[in-house]
Amino acid sequence: MGENGKPLIQSFAMNGGDGPNSYTKNSAYQRGVVDAAKEMIDGAILEKLDLKSFCLGNIFRIADLGCSIGPNTFIAVQNIIDAIEQKYKAENQTHNLNLELQVFFNDTVENDFNTLFKSLPPSRQYFAAGVPGSFYDHLFPKSSIHLAHLSFALHWLSELPKEVVDTKSPAWNKGSIQCTGYVKEVADAYASQFKNDMRTFLDARADEIVPGGFLIILAAALPDGVLMSQTVMGMHHDLLASCLYDMAKLGLIEEDKVDSFNLSSYFPHVSELKELIDENEYFKNEKMEILNNPWSFELQTVETVFSQIRAVMEGIINDHFGNMINMDNLFENFCHKLAEHRLTCDQKFCKNTELFILLERKKFN
Ligand SMILES: C[S@@+](CC[C@H](N)C(=O)[O-])C[C@H]1O[C@@H](n2cnc3c(N)ncnc32)[C@H](O)[C@@H]1O
């Protein structure tokens, strides 16, 4: 619980609309994850999905969890549908997909669903529906989804671990806005929250996905032995923190307010994530492989990286600081720092890891 006993739930809504600072215009990095997974999705569906048994019901339901506002969600969904069509044609020797497709786009209630709905592909071959709510809750009726997909969203926790904002706790995360990995107590608090969230997430999906159905997760993680602040993304978060503290030093915002600001995101180590998945009794871990993101931060210009980070962070910062912060001043300073650190970034920092994870809902429990 935070101030006034409120749960420490953060609003993660990406910048809405389709303007220059929107997520729509600034999500090439996340697009890279979706692109890199296409081949693996094709392989998973062609080789492992028992489509014949699902065709009996004549309707195939897909859910994209944490979809945001596009365009990545539409690309991910189309990749899945293309693979299903290919498999169907191969099995039925016909060009007509005699299967109705329904796609559920899920995100939290703060998401800009209007922009999402307005930009639905006009030539889509599926029935579309929006499902507002947290993927840590139940979102669908029992055994109703054939394939659930989630890309670049699993690192958002259901809430911030309370210890990191408790000034009396050894896990108080003063001076930082993320789980850097350097302070054991802070790292333990975040890891424990992630563990609980992961169990809740998998148990909810186990109820909703039909036996034999798939849960495909494209997740950002840390290579084993690497700390968050040693990665490019971690470095970006630390630079943003230093900009917030610069503003506090200038008296533009209160230092206490910066101290109490923490990102409720956690990037698990690859082995930690694997362990949590393997301990779940309802899913069979079919595949866990590293994705090669062609749009990695290291290959993009400072301006592009800056815009992508702003599209993700602005709403979260606004949620905490409200109108006491001048967003343009903050991000101007951030852009300068990003340019200064750019040269050292490639040599000094490690890459983040993105994973393709294919889970099959077991048939017997
Ligand atoms: C970085 S965006 C990724 C969006 C999209 N999947 C993509 O690949 O471009 C993460 C999204 O996850 C959503 N998200 C975070 N936590 C969530 C939760 N508990 N339930 C539903 N959506 C969530 C955020 O609102 C955000 O839209």
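This write-up is about the structure you can find in this document. This one's a predicted model, so the numbers in the text were calculated from it and none came from an experiment. (Residues numbered from 1 in each chain as written. Predicted model: local features only at pLDDT ≥ 70, side-chain atom pairs only at ≥ 80, totals over all residues. Heavy atoms only, no water.)

### Some remarks on the packing of helix α1 (residues 28-48) against helix α3 (residues 72-92)
At a minimum axis distance of 9 Å, the contact between α1 and α3 shows a crossing angle of 15°. It follows that α1 is roughly parallel to α3 by the angle criterion. Like other packed secondary-structure pairs, α1 and α3 cross with a definite hand, here right-handed. Between α1 and α3, the residues in contact are Q30, R31, V34, D35, K38, I41, D42, I45 and L46 and N72, I75, A76, N79, I80, A83, I84, Q86 and K87, respectively. For the contact of α1 with α3, the per-class residue count stands at nine nonpolar, four polar and five charged. (Axes fitted to C-alpha atoms, helices over the stretch in contact; angles between N-to-C directions. Helix = DSSP H or I, 4+ residues; strand = E, 2+ residues; numbered from the N terminus. Parallel < 35°, antiparallel > 145°, perpendicular 65-115°, else oblique. Left-handed = near helix turned anticlockwise from the far one by under 90°. Contact = heavy atoms within 4.5 Å. Nonpolar A, V, L, I, M, F, W, Y, C, P; charged D, E, K, R; others polar.)

### Quick word on the sheet that holds strand β4 (residues 145-151)
Taken in spatial order, the seven strands make up an open sheet running β3-β2-β1-β4-β5-β7-β6, and their pairing is mixed. The two strands at the open ends of the sheet, each matched to only one other strand, are β3 (127-132) and β6 (283-291). With direction set aside, neighbouring strand axes in the sheet form an average angle of 15°. Across the face of the sheet, α1 comes into contact with β4, β5 (209-221), β6 and β7 (353-361) while running at roughly 30° to β7. (Pairing = 2+ DSSP bridges.)

### Quick notes on the site of the ligand
Lining the immediate surroundings of the ligand are 19 residues, of which Y23, G66, D107, F135 and S151 lie closest. S134 is positioned such that a nitrogen or oxygen atom in its side chain is 3.0 Å from a nitrogen atom of the ligand. Measuring from a nitrogen atom of the ligand, one finds a backbone N or O atom of F135 at 2.8 Å. Expressed as a share of its isolated accessible area of 590 Å², the protein-covered part of the ligand is 98%. Of the residues contributing to the shell around the ligand, the split by class is nine nonpolar, nine polar and one charged. (Near = heavy atom within 4 Å. Polar contact = N/O pair within 3.5 Å; in protein donor to acceptor, adjacent residues only side chain to side chain. Areas by Shrake-Rupley, 256 points an atom, 1.4 Å probe, with all protein chains shown as cover.)

### Describing the nonpolar core
In terms of nonpolar packing, the biggest core is built from 44 residues, with F60, F105, Y126 and F356 touching the most fellow members. Residue assignment for this core shows that the elements contributing at least two residues are α1, α2 (51-55), β1 (59-65), α3, β2 (100-107), α4 (113-118), β5 and β7. If you tally residues by element for this core, the top one is α1, at eight residues. With sequence-adjacent residues up to four places away left out, F356 is seen in contact with A37, M40, I41, A44, I216, I217, L218, K287, M288, E289 and L291. In terms of nonpolar packing, the next biggest core, distinct from the first, is built from 40 residues, Y190, I209, I217 and A221 among them. (Core = buried A, V, L, I, M, F, W, Y, C linked by side-chain atoms within 4.5 Å. Buried < 20%, exposed > 50% of the residue type's maximum accessible area, 1.4 Å probe, protein only.)

### Remarks on the environment of I253
Looking at where I253 falls in the secondary structure, it is placed in the loop between α6 (232-249) and α7 (255-259). Taking the C-alpha atoms as reference points, I253 and Q300, 47 residues apart in sequence, are found 32 Å from one another. Setting aside its immediate chain neighbours within four residues, I253 contacts L244, M247, A248, V258, F321, M324 and I325.

### Things to note about the packing of helix α5 (residues 184-208) against helix α8 (residues 270-278)
Closest axis-to-axis distance for the α5/α8 pair is 10 Å, and the angle between their directions is 40°. Taken together, the axes of α5 and α8 lie oblique to each other. For the pair α5 and α8, the sense of crossing is right-handed. Seen from α5, the contacting residues are A191, F194, K195, M198 and L202; seen from α8, they are E272, L273, L276 and I277. Class assignment of the residues belonging to the contact of α5 with α8 gives a composition of seven nonpolar, no polar and two charged.

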